[in-house]
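# Observations on chain architecture
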Amino acid sequence: MNDRPDTVVLVHGLWMTPRSWEHWVTHYEGRGFRVLTPAYPGFEVEVEALRADPTPIAVADIIETIDHLASVVRSVDTPPIIMGHSFGGALTQMLLARGLGSAGVAIDSAPTEGVRVNPVSQVKSLFPALNNPAKRHQAVGFTAEQFHYAFTNTLDEEASRAAYDRYAIAAPGRWVWDYGLIANFKPGHQETWVDYSADRAPLLFIAGAEDHIMPPSVNRSNYKHYKKSPAVTEYVELEGRDHWTCAAPGWEAVADRALDWAVEHAQPMAAPAGS
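Residues numbered from 1 in each chain as written. Predicted model: local features only at pLDDT ≥ 70, side-chain atom pairs only at ≥ 80, totals over all residues. Heavy atoms only, no water.

Across its full length, the protein chain holds 11 helices and 8 strands. Seen through its principal axes, the protein chain has C-alpha atoms that stretch 50 × 45 × 35 Å. Looking at the 275 residues of the protein chain, the share that counts as buried comes to 56%. When contacts within the protein chain are restricted to residue pairs at least 6 apart in sequence, long-range pairs at least 24 apart make up 77% of them. Total accessible area on the protein chain stands at roughly 11300 Å², and carbon and sulfur atoms take up 53% of it. Computed over 22 positive and 33 negative side-chain charges, the inter-centroid distance for the protein chain is 6 Å. (Helix = DSSP H or I, 4+ residues; strand = E, 2+ residues; numbered from the N terminus. Buried < 20%, exposed > 50% of the residue type's maximum accessible area, 1.4 Å probe, protein only. Contact = heavy atoms within 4.5 Å. Areas by Shrake-Rupley, 256 points an atom, 1.4 Å probe, with all protein chains shown as cover. Lys, Arg positive; Asp, Glu negative; His and termini not counted. Charge placed at Lys NZ, Arg CZ, Asp CG, Glu CD.)

Let us now look at the packing of helix α1 (residues 22-30) against helix α11 (residues 251-265). Relative to each other, α1 and α11 sit at 55°, their axes nearing to 11 Å. Between α1 and α11, the angle is such that the two are oblique. Seen from above, α1 lies across α11 with right-handed handedness. Seen from α1, the contacting residues are H23, W24, H27 and Y28; seen from α11, they are W251, E252, V254, A255, D256, A258 and L259. Among the residues forming the contact of α1 with α11, the class breakdown is 7 nonpolar, 2 polar and 2 charged. (Axes fitted to C-alpha atoms, helices over the stretch in contact; angles between N-to-C directions. Parallel < 35°, antiparallel > 145°, perpendicular 65-115°, else oblique. Left-handed = near helix turned anticlockwise from the far one by under 90°. Nonpolar A, V, L, I, M, F, W, Y, C, P; charged D, E, K, R; others polar.)

Any two side chains of opposite charge can pair, so long as their charged atoms come close to each other. Scanning the model with the defined rule gives 11 salt bridges in all. For the salt bridge of E46 with R19, the shortest nitrogen-to-oxygen distance reads 2.8 Å. With E46 in the loop between β2 (34-36) and α2 (47-52) and R19 in the loop between β1 (7-11) and α1, this residue pair connects regions lying 27 residues apart in the sequence. The class for E46 is partly exposed, based on a relative accessible area of 48%. One continuous salt-bridge network, built from bridges that share partners, spans D61, R136, R174 and D178. (Salt bridge = Lys/Arg side-chain N within 4 Å of Asp/Glu carboxyl O.)

The biggest cluster of nonpolar side chains holds 64 residues, and the ones touching the most others in it are W15, F87, L91, F151 and W244. Ignoring any residue separated from it by four or fewer positions in sequence, one finds L91 in contact with V11, Y40, I62, T65, I66 and L69. By size, the runner-up hydrophobic cluster in this structure holds 25 residues, among which are W21, V25, V236 and L259. (Core = buried A, V, L, I, M, F, W, Y, C linked by side-chain atoms within 4.5 Å.)

Turning our attention to the packing of aromatic side chains. Applying the stated criterion across every chain yields a total of 18 aromatic pairs. Relative to F43, the ring of Y40 has its centre 5.1 Å away and its plane inclined at 55°; by these criteria the two rings are tilted. According to the relative accessible area criterion, F43 is buried, its value standing at 2%. Here F147 and F151 contribute two aromatic rings whose centre-to-centre distance is 4.8 Å and whose plane-to-plane angle is 15°, an arrangement assigned as stacked. (Phe/Tyr/Trp six-rings, centres within 6.5 Å; stacked < 30°, edge-to-face > 60°.)

Checked against the element boundaries, A159 lands in helix α8 (residues 157-167). Sequence-wise, A159 and A248 are 89 residues apart; in three dimensions their C-alpha atoms are separated by 9.1 Å.

Here we take up helix α5 (residues 87-97). An α-helical segment advances 3.6 residues per turn. Residues three or four places apart therefore align on the same side. Across the 11 residues of α5, 10 count as buried, placing the element largely inside the fold. Every buried residue of α5 is listed here: F87, G88, G89, A90, L91, T92, Q93, M94, L95 and L96. G99 occupies a position one or two residues after α5 and carries a positive phi of about 85°.

Another point: the environment of G114. Counting through the fold element by element, G114 comes out in the loop between β4 (103-107) and α6 (120-130). Sequence separation of G114 and V194 is 80 residues, and the distance between their C-alpha atoms is 9.2 Å.

Quick look at the pairing of strand β3 (residues 81-85) now. Looking along a regular strand, one sees side chains alternate from face to face of the sheet. Counting buried positions along β3 gives 5 out of 5 residues, so the element sits mostly inside the fold. Because side chains alternate across β3, one face comprises the buried residues I81, M83 and H85, and the other comprises I82 and G84, equally buried. Where β1 and β3 come together, 4 bridges link them in parallel fashion. Considered in β3, the bridge of V11 is made with G84. (Pairing = 2+ DSSP bridges.)

See the structure below:
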């Protein structure tokens, strides 16, 4: 029986939908892989529909989301490779923590609980969502200028605006508030807690050296939290890459590096009972 993964599950981040993976889908399909791009529950519609009615964003629930993503991963006969960008990187870590997947790649990852590094550029990037407590209960979007700083800072204004127009939506304010800069000041484990010492599928962190919203220091800290895990955990930092690394010029090299590593390190995993 061939247990080599033949499926890649791509998990989008906040301020995005599965459309953000459109280039990776065709690229990976061209390499012979089946590619799944599950949306968060309520995000299955097009970008334009979510802009017109952001209600599904405002009421999004993280437990419902992780359970849905887990069901997609479990639906694949051979444990798939799981890759996530930004908050999708945190969700990827949570899926691996459930014993799912054959390998994981967290790209420009949002941190799981316990990562206490908050660089100035991250605070500035997230400030539009955190500058008013009322936004915790809203769908919170970026302006084109704010998106340019947070996501596409290595691009010129025209290219950034094109990315914003095609891909950007609002994000659940509660997720930014509850799992962002202030998460570590709340008592007890939050929904983004994982057991950093547990065994799981291999995991690669890919950070962009020019990323403003999830800078390398955040990803390095997240990576170092796994030092007691027996599982393979690696970190790589790519020069000249911003948060928009999955679509900015040169994205093909990022996609190939992620897939090559995952295929090389993939191992069969079984989900624990009741996970």
